[in-house]
Amino acid sequence: MKRHNQLWQEIISFENLFLAHKKARLGKRQKEYCADFDILLEIELFQLQKELREKTYQPGAYKTFEINEPKKRMISAAPYRDRVVHHALCNIIEPIFDKTFIYDSYANRKGKGTHKALDRFVKYFRSSQFVLKCDIVKYFPSIDHEILKNLIRRKIKCKDTLWLIDLIINNSNPQTPRNEYFSGDTLFTPFERKRGLPIGNLTSQFFANIYLNQLDHFIKDELGIKRYVRYVDDFAIFSHDKMYLSTLRKNIEIKLEEYRLRIHPVKSQITQVKFGENFLGFRIFPDRIRVKSDNLRRARKRLQKMELDYKNGNIDLKEIGQSVQSWVSHLDYGDTYCLKENIFNKLVFS
């Protein structure tokens, strides 16, 4: 397996840092922190470059908040200059790892995304009798730092690049405690191993794909499964044989233990296709696709809040248009014409 060296000068080049800034500010140009960085752009980028070159760069503190969509999660926002560094790193190392990813891994990858994952899911779903749908328990809080670093070192040997990667991983803020015991653990093992990546980081999303890449290849290459789809920690396998899927589940559970992960005992189950299955906000049936009711309820609340914000002058029509168009594009995936009429005919922005 080829390991890559001499990456550091590409990562810290002014051109790459400037590109990273342009990516980091997408959709954020109106934010005060982004405008402040823009005003002193050259000074800020040269300062970042100097700190990286001299190894004096230190990530700042995360701002955290909780969301309940669709479940309670802690989201972490890194300072803007750190986001620039994250983009600069991923600009260079992401193509190296992306070549090793399987075709049917769809999250946070160029040319992939939610709708392509749904297309693949629907195709396999409608040509099978059963689906094994799995969800990993507390995935981001469970990612083991030592295992992740070792996986990264299989492809990267540039010491300077590894210094930055380790710094970002080590600076992860505390996540929801996950004191799981695995084979060979002592009483203190779960407390001695550092775990968890902050949800919301570009690097966390990228590292999450690296972490499960071994599972993808185990399922595709070693088990020989053709009909398989993964989006972050949600994955599905399709078959006409329910007992076969039950055996696969046991094999997958054993494999995941190597990475100190477990699939959800309730949310992970084998379903007969005719009864439908949930995936990425939709309920998929053999003959139709519906929006999940809890997703619809949250969307209605967001739209109502936008109505109130516009009435109070806290948001402009451009922002509303972008948000609504994004939601419409999502709804368009399902059989939702009447639903859209019902929702949007009741909206009044005045």
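Residues numbered from 1 in each chain as written. Predicted model: local features only at pLDDT ≥ 70, side-chain atom pairs only at ≥ 80, totals over all residues. Heavy atoms only, no water.

(A) Region of the structure containing the packing of aromatic side chains. Under the definition given, this model contains 15 aromatic pairs. Ring centres of Tyr-124 and Phe-238 lie 5.6 Å apart, and the angle between their planes is 50°; this geometry places the pair in the tilted category. Here Tyr-124, found in helix 6 (residues 114-125), pairs with Phe-238, found in strand 5 (residues 234-239); they are 114 residues apart in sequence, far enough to count as distant. Every member of this aromatic cluster is reached through a ring pair, and the members are Phe-121, Tyr-124, Phe-125, Phe-238 and Phe-279. Across from the ring centre of Trp-163, 5.5 Å away, lies the NZ or CZ of Lys-55, which sits over that ring. Between Arg-262 and the ring centre of Phe-182, over which it is positioned, the NZ or CZ distance is 4.2 Å. (Phe/Tyr/Trp six-rings, centres within 6.5 Å; stacked < 30°, edge-to-face > 60°. Helix = DSSP H or I, 4+ residues; strand = E, 2+ residues; numbered from the N terminus. Lys NZ or Arg CZ within 6 Å of the ring centre and 35° of its normal.)

(B) Spatial organisation of the nonpolar core. Residues Tyr-139, Ile-152 and Phe-207 are the most contacted members of the largest nonpolar core, which totals 89 residues. Broken down by element, this core gets its largest block of residues, ten residues, from helix 5 (residues 80-98). Excluding residues within four positions of it along the chain, Ile-152 makes contact with Phe-97, Leu-162, Ile-165, Ile-169, Phe-207 and Ile-210. (Core = buried A, V, L, I, M, F, W, Y, C linked by side-chain atoms within 4.5 Å. Buried < 20%, exposed > 50% of the residue type's maximum accessible area, 1.4 Å probe, protein only. Contact = heavy atoms within 4.5 Å.)

(C) Quick look at the pattern of salt bridges. A full pass over the atoms with the stated rule returns 18 salt bridges. Linking Arg-25 and Asp-38 is a salt bridge whose minimum nitrogen-to-oxygen distance equals 3.4 Å. Placement of Arg-25 in the loop between helix 2 (14-24) and helix 3 (32-39) and of Asp-38 in helix 3 is noted, with a sequence separation of 13 residues between them. For Glu-54, the salt bridge identified is with Lys-50, shortest N-O distance 3.3 Å. In this structure Lys-50 comes out as partly exposed when scored by relative accessible area, which is 41%. (Salt bridge = Lys/Arg side-chain N within 4 Å of Asp/Glu carboxyl O.)

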